[in-house]
Amino acid sequence: MRKNKFLEYDLIGKRVRIVTHSDPSLVGKEGVIILETEKTLVVDTGDSTISVYKPNGIYEIDFKRRRLSICGDALIGKPIKRLR
């Protein structure tokens, strides 16, 4: 199975939009990822900072002049391991 090259990069500093999530109050929110842990993203929306549980959503992330849709389950794991 071919590994998605996108998952090898650090997400901090990337723009993200929450397309779907189990928490309906997060749907449609967008901003810049300022911190990433194994299971969460911390996003600065401009008005506030929100913590988003990765596995419960689908996200659009700006990456190298493209906007990619990615399931949160694919983002689970320690960021440093994706960079190796």
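Report follows, based on the coordinates. In this text, all values refer to a predicted model and were calculated from it rather than measured experimentally. (Residues numbered from 1 in each chain as written. Predicted model: local features only at pLDDT ≥ 70, side-chain atom pairs only at ≥ 80, totals over all residues. Heavy atoms only, no water.)

What follows covers the pattern of salt bridges. Going through the model one piece at a time under the given rule, you end up with five salt bridges. Salt-bridge contacts for Glu-60 lead to Arg-17; the nearest nitrogen and oxygen are separated by 3.3 Å. Within this pair, whereas Glu-60 is found in strand β5 (residues 57–63), its partner Arg-17 is found in strand β1 (residues 15–21), the two being separated by 43 residues in sequence. Assessed through its relative accessible area of 17%, Glu-60 is described here as buried. Across the salt bridge formed by Glu-36 and Lys-54, the nearest N and O atoms sit 2.8 Å from each other. On the criterion of sequence distance, the pair formed by Glu-36 in strand β2 (residues 30–36) and Lys-54 in the loop between β4 (49–53) and β5 is long-range, its members being 18 residues apart. Classification of Glu-36 by relative accessible area gives buried; the value is 7%. Among the ionic contacts, a cluster of salt bridges with common partners joins Arg-17, Glu-60, Asp-62 and Arg-67. (Salt bridge = Lys/Arg side-chain N within 4 Å of Asp/Glu carboxyl O. Helix = DSSP H or I, 4+ residues; strand = E, 2+ residues; numbered from the N terminus. Buried < 20%, exposed > 50% of the residue type's maximum accessible area, 1.4 Å probe, protein only.)

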